[in-house]
Amino acid sequence: MSADQEQQSIRCLVAKVGLDGHDRGAHVIARAFRDAGFEVIYSGLHNAPDEIVQAAVQEDVNVLGISILSGAHDTLVPKIVEGLKEYDAFDDTLILVGGVVPDDDKAELKELGVAEVFGPGTPMEETIEFVRENAPER
Amino acid sequence: MSATHTDLLADLLDGKHRALARVITKIENREPGYRELVSELHTHTGDAEIIGITGSPGAGKSTLVDKVANYYRERGETVGVIAIDPSSPFTGGAVLGDRIRMASNVGDMDVFFRSMSARGSLGGLSTATSDAVKALDAFGKDKIIVETVGAGQNEIDIVKTADTVAVLVPPESGDNVQMLKAGILEIADVFVVNKADLPGADRAVSDLTEMVHMRDGTPTPEFGDGVEGYDWEPPIVETIAKDGEGVTEFIEVLDEHHDLLESTGMLDAKTRTRYAEEIRALLREDANRLVASEIESRGGIAELVEAVFERETDPYSVADEVITPIEDCIHD
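Values in this document were obtained by computation on a predicted structure and should not be read as measured data.

J.: Explain the overall build of chain A to me, and be specific about the residues and the numbers.
T.: Helices and strands together make up the secondary structure of chain A, namely five helices and five strands. Sequence-ordered secondary structure for chain A, helices as α and strands as β, is β-α-β-α-β-α-β-α-β-α. Its C-alpha radius of gyration of 14 Å places chain A within 12% of the 14 Å reference for a compact globule of 138 residues. The 138 residues of chain A split such that 54% are buried. For chain A, contacts bridging at least 24 residues in sequence account for 71% of all contacts bridging at least 6. Surface summary for chain A: the accessible area is close to 6300 Å², and the carbon and sulfur share equals 49%. With 11 positive and 27 negative side-chain charges, chain A shows a separation of 6 Å between the mean positions of the two kinds.

J.: I'd like to hear about the pattern of salt bridges, residue by residue, with values.
T.: Residue and element names in this part refer to chain B. Throughout the structure, instances matching the rule amount to 37 salt bridges over all chains. Linking Arg73 and Asp108 is a salt bridge whose minimum nitrogen-to-oxygen distance equals 2.7 Å. Here the residue Arg73 occupies a position in helix α4 (residues 61–74), and Asp108 occupies one in the loop between β3 (94–96) and β4 (111–117), the gap between them amounting to 35 residues. Taking relative accessible area as the criterion, Asp108 reaches 19% and is therefore assigned buried.

J.: A description of the sheet that holds strand β4 (residues 94–99) of chain A should follow, citing residues and the corresponding values.
T.: The six strands lie next to each other as β5(A)-β4(A)-β3(A)-β1(A)-β2(A)-β3(B), forming an open sheet whose pairing is parallel. With partners counted over all chains shown, the strands left at the sheet margins are β5 (116–118) of chain A together with β3 of chain B, one partner each. Across the sheet, the axes of successive neighbouring strands diverge by a mean angle of 25°, strand direction being ignored. Two strands pair when backbone bridges link them, and strand β1 (residues 11–16) of chain A and strand β3 (residues 63–68) of chain A are joined in this way by five bridges, in the parallel orientation.

J.: Hey, could you go over the sheet that holds β4 of chain B for me, with residue numbers and the actual values?
T.: Residue and element names in this part refer to chain B. Pairing within the open sheet is parallel, and its seven strands lie in the order β4-β2-β5-β1-β6-β7-β8. Since the sheet does not close on itself, it has two edges, and those belong to β4 and β8 (236–238), each with one partner. The sheet shows a mean angle of 20° between the axes of neighbouring strands, direction not considered. Examined bridge by bridge, strand β2 (residues 79–85) and strand β5 (residues 143–147) share five bridges and lie parallel to one another.

J.: Account for the environment of Glu74 of chain B, with residues named and values stated.
T.: Its location among the elements puts Glu74 of chain B in helix α4. We classify Glu74 of chain B as exposed; its relative accessible area is 66%.

Analysis parameters
- Residues numbered from 1 in each chain as written.
- Chains lettered and ligands numbered in written order.
- Predicted model: local features only at pLDDT ≥ 70, side-chain atom pairs only at ≥ 80, totals over all residues.
- Heavy atoms only, no water.
- Helix = DSSP H or I, 4+ residues; strand = E, 2+ residues; numbered from the N terminus.
- Rg over C-alpha atoms; globule rule 2.2 N^0.38 Å.
- Buried < 20%, exposed > 50% of the residue type's maximum accessible area, 1.4 Å probe, protein only.
- Contact = heavy atoms within 4.5 Å.
- Areas by Shrake-Rupley, 256 points an atom, 1.4 Å probe, with all protein chains shown as cover.
- Lys, Arg positive; Asp, Glu negative; His and termini not counted.
- Charge placed at Lys NZ, Arg CZ, Asp CG, Glu CD.
- Salt bridge = Lys/Arg side-chain N within 4 Å of Asp/Glu carboxyl O.
- Pairing = 2+ DSSP bridges.
- Axes fitted to C-alpha atoms, helices over the stretch in contact; angles between N-to-C directions.

This is the structure in structure tokens:
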């Protein structure tokens, strides 16, 4: 391979926010994204919204996947969206939410700018396909 | 340079983090026009101190980097970190997990931390790393820390990028024959025995001490003529990075080394050597591209292989044939 060849890669931040210590799902996603050929940055547990914003901006990720199993999505996600806007990073970051989210809240999250909400039992291929099709270009 | 790149460069020099992040992405992706972008960066570089951190996986590199960055911030300096993790040889995918350890600097945008995948390159440093260092330098970072893939015994690319190289050695890293081997232990300007509270740390320190004493002075870099008085014996620092122990001593050693580099002219010698390497590397890339297009114009590599496979010709003759027209151009 010529070193000058363009080497695009989809970069994803898999983020755990808030007081939610369940990271098995996030690990499974990180691994599946890796195997799909994505570059995955994993945030670790218990992050505040502004830490996630800092990571998303600095890492210049195409995709931000937020895993929340604590039910606090309606307070945490708006803060992240706000932070991304502050750094002009909102428009070209695909925001996904994974976790247990009631239908009413789903609509609200989508209105905020979340592209899709993936509930329990979503086949991995579906999520990967969604990312491939919708990840904003760099 | 395209209009977007011009704007991006202006924003980067203006201190916008988003622009810095995007420039690094363009460098990583080798997007068309990225070379012009990096060319433009060059005039704005040269002020940052570049520190390389290497060592085996799990030695504690990221944890130490976190504590060092935090220390610099408390001194009022800005920090850029590039942390490289391996990529899959099969899918090209990667899990970049060094960021998790950066607990001391969360929410502080003046520590700009960027994870990079090695994207298949050997030697532990992604080929784009030195360009990314330039972006951080031009942005105005005071200190830039490059953390390599935790690869092992041949992690030597880092010397080409960094002013000061720290090699982390965990306790229990083998007997003293390991210390005789060439490679990673030769490139250290400072050794850090991390996890110094674990058994085996004393042994590692004494083995390293013995090895350092047997050193025959520092190898001179290519542009090292005229350097005088650079007699640096790599110190051995003990740290417990997770508790922040020994970090102050480590930074004192880094500062001391940098002062000596500056006062003896070694810093300039290293920088010149780095530019020479960079020019050569770029020319190799360009030459590779010329050769690749010459192969294409001869019907592609598969056709050449077939002829060799059928014993009509051999690899040496094919190589001669392909290179001759290029050679002729040069000698004209």
